[in-house]
Amino acid sequence: MNTDLIFDNTEIAFSLKNDSELERAYFLFKMISIEPLVKIGTAATNFAIKAHLPIEGLIRSTVFDHFCGGVNEADCLNVIEKMHSKGVSSVLDYSVEGKESEKEFDAAKDKILGIIDFAKEIEAIPIAVFKPSGFGRFSLYEKVSREDILTEPENGEWNRVIGRYDEVCKKAKENDVAILIDAEESWMQHAADRLVTEMMQKYNTEKPIVYNTLQMYRHDRMAFLLEEHKKAKEGKYFLGYKLVRGAYMEKENDRAEDKGYVSPICTSKFATDENFNKAVRYMMDHLDDMSLFAGTHNEDSCYLLMNLMAEKGLLNNDPRVWFGQLYGMSDHISFNLANKGYNVAKYVPFGPVKDVMPYLIRRAEENTSVAGQTGRELALLTKEKKRRKTL
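Now for a description of the structure that goes with this document.

What counts as what
Residues numbered from 1 in each chain as written. Predicted model: local features only at pLDDT ≥ 70, side-chain atom pairs only at ≥ 80, totals over all residues. Heavy atoms only, no water. Core = buried A, V, L, I, M, F, W, Y, C linked by side-chain atoms within 4.5 Å. Buried < 20%, exposed > 50% of the residue type's maximum accessible area, 1.4 Å probe, protein only. Helix = DSSP H or I, 4+ residues; strand = E, 2+ residues; numbered from the N terminus. Contact = heavy atoms within 4.5 Å. Pairing = 2+ DSSP bridges. Right-handed = clockwise from strand over helix to strand, strands pointing away. Expected span 1.5 Å × (residues − 1). 1 Å grid on protein atoms, 1.4 Å probe; cavity = no way out; pocket = protein on both sides within 12 Å on 5 of 7 lines; lining within 4 Å. Points joined across faces, edges and corners; volume = space filled by probe spheres on them. Nonpolar A, V, L, I, M, F, W, Y, C, P; charged D, E, K, R; others polar. Phe/Tyr/Trp six-rings, centres within 6.5 Å; stacked < 30°, edge-to-face > 60°. Lys NZ or Arg CZ within 6 Å of the ring centre and 35° of its normal.

## What to know about the nonpolar core
The tendency in soluble globular proteins is for nonpolar side chains to be buried as a group. Membership of the largest hydrophobic core comes to 82 residues, with the highest contact counts inside it found for Tyr-165, Ile-179, Val-210, Met-284 and Leu-337. The element best represented in this core is helix H9 (residues 186-203), accounting for 8 residues. The residues contacting Tyr-165, other than those within four sequence positions of it, are Phe-130, Pro-132, Phe-135, Tyr-141, Ile-181, Ala-192, Leu-195, Val-196 and Met-199. Counting residues in each nonpolar core, the second largest holds 33 residues, with Phe-293, Leu-326, Ile-361 and Leu-380 among its members.

## Quick look at the pairing of strand S8 (residues 344-350)
Of all 7 residues making up S8, 7 are buried, and the element is well covered by its neighbours. Both faces of S8 are covered, namely the face carrying Val-344, Lys-346, Val-348 and Phe-350 and the face carrying Ala-345, Tyr-347 and Pro-349. Pairing between strand S7 (residues 321-326) and S8: 4 bridges, direction parallel. Bridge pairing in S8 places Gln-325 opposite Lys-346. Regarding the hand of the β-α-β motif, the stretch spanning S7, helix H14 (residues 331-339) and S8 is right-handed.

## Details of H9
Taking 1.5 Å as the rise per residue, H9 with 18 residues should run 26 Å; its terminal C-alpha atoms sit 25 Å apart, in good agreement. Within H9, 13 of the 18 residues are buried, which leaves the element mostly enclosed by the surrounding structure.

## A few points about empty space enclosed by the protein
Under the definition given, this model contains 1 cavity of 30 Å³ or more. Taken as a whole, the largest cavity encloses approximately 40 Å³ of empty space. In terms of lining, the largest cavity is formed by Phe-14, Lys-17, Ala-25, Phe-29, His-66, Gly-328, Asp-331, Glu-377 and Leu-381. Secondary-structure elements contributing two or more residues to the lining of the largest cavity are helix H2 (19-32) and helix H16 (373-389). Of the residues contributing to the lining of the largest cavity, the split by class is 4 nonpolar, 2 polar and 3 charged.

## Observations concerning the packing of aromatic side chains
Taken as a whole and assessed by the stated rule, the structure comprises 10 aromatic pairs. Considering the side-chain rings of Phe-130 and Tyr-165, the 5.1 Å spacing of their centres and the 85° angle between planes classify their relative orientation as edge-to-face. Of this pair, Phe-130 sits in strand S2 (residues 127-130) while Tyr-165 sits in helix H8 (residues 152-175), and the two are 35 residues apart along the sequence. Pair check on accessibility: Phe-130 and Tyr-165 agree, each one buried. Aromatic pair Phe-138 and Trp-187: ring centres 6.3 Å apart, planes at 70°, arrangement edge-to-face. Residue Phe-138 is located in helix H7 (residues 138-145), and its partner Trp-187 is located in helix H9; the two are separated by 49 residues in the primary sequence. Clustering of aromatic rings is evident, with ring pairs tying together Phe-130, Phe-135 and Tyr-165. Taking NZ or CZ as reference, Lys-111 lies 5.3 Å from the ring centre of Tyr-94, over its face. Across from the ring centre of Phe-224, 4.3 Å away, lies the NZ or CZ of Arg-221, which sits over that ring.

Set out below in structure tokens:
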């Protein structure tokens, strides 16, 4: 493991934060570290939004501005430009969730097409992203995943989902902007995976443009990667994968228990880490066929990837390898990696405050449940606060 421990440099990590922004970050992570407070705050916020209470200003000035870039693309430009001045790129993530109508799915598709056009003009945005459930009904993905027979209206609906994917991936290829397609719950993912593979076959003919997401807390994903690689070699197209650990663990385990099937989730954190690192090693051994976007807040996995790049004699900014973290989290990883010349991108969520709240609530709950994550953020923020006081 790399002994040059770069992630402890808080001066680089928080170089874009002024003193008041540093204090706000410290306050937020302090609140998030108290689990009962997160539960109460989540319930109170949901109630306030449903009751149309005037709390958007408070949310905007605290949790929203810390974890989101803005309410629209133009609103994010200041954040994007500031991060790029330190070598960190942006992935604009339209984080509006839970839509159900064709009109809303078309609006989401048009929003992504707009982001791809926006990205073409701005060097700081080399990558776009969308969620499968942004382009079609979750229950429809579920039905297609089970390979149930669709009704005639459902067939038409599914063809429109395919059409949205195709339009976006075609535009991404035309603009030479990579498109990441997020992964969601396992019981809808089979349909999304099949669709993304079709898009790779069609648009990854010269290099990876379309990227699927592998949630490595699923114990079947390594086998899936091997099978997809075999198909890609036979079909003579390139693979792009974003590797993540995963974001729906409790929901996955609860559903498996409730319905009496074996959970798709690895049995331990250690097993998940091993699975993630195994996929990193495999992809690094096959960079001629595939490109890797390592979406991770785990320092050991980042060091592993850095070491593998060094062992293989790759430049730090080899275009086939990217590191990614969420905006508002793990700045010590993102900015220190960028300072060493690696390709780094922050996922920058944006959208109307009330529509982005489900995303923000999930972020708070995730930070509470991931052992050590919030404690690490607080320790680094404390260290930087002390450093600034001694200047």
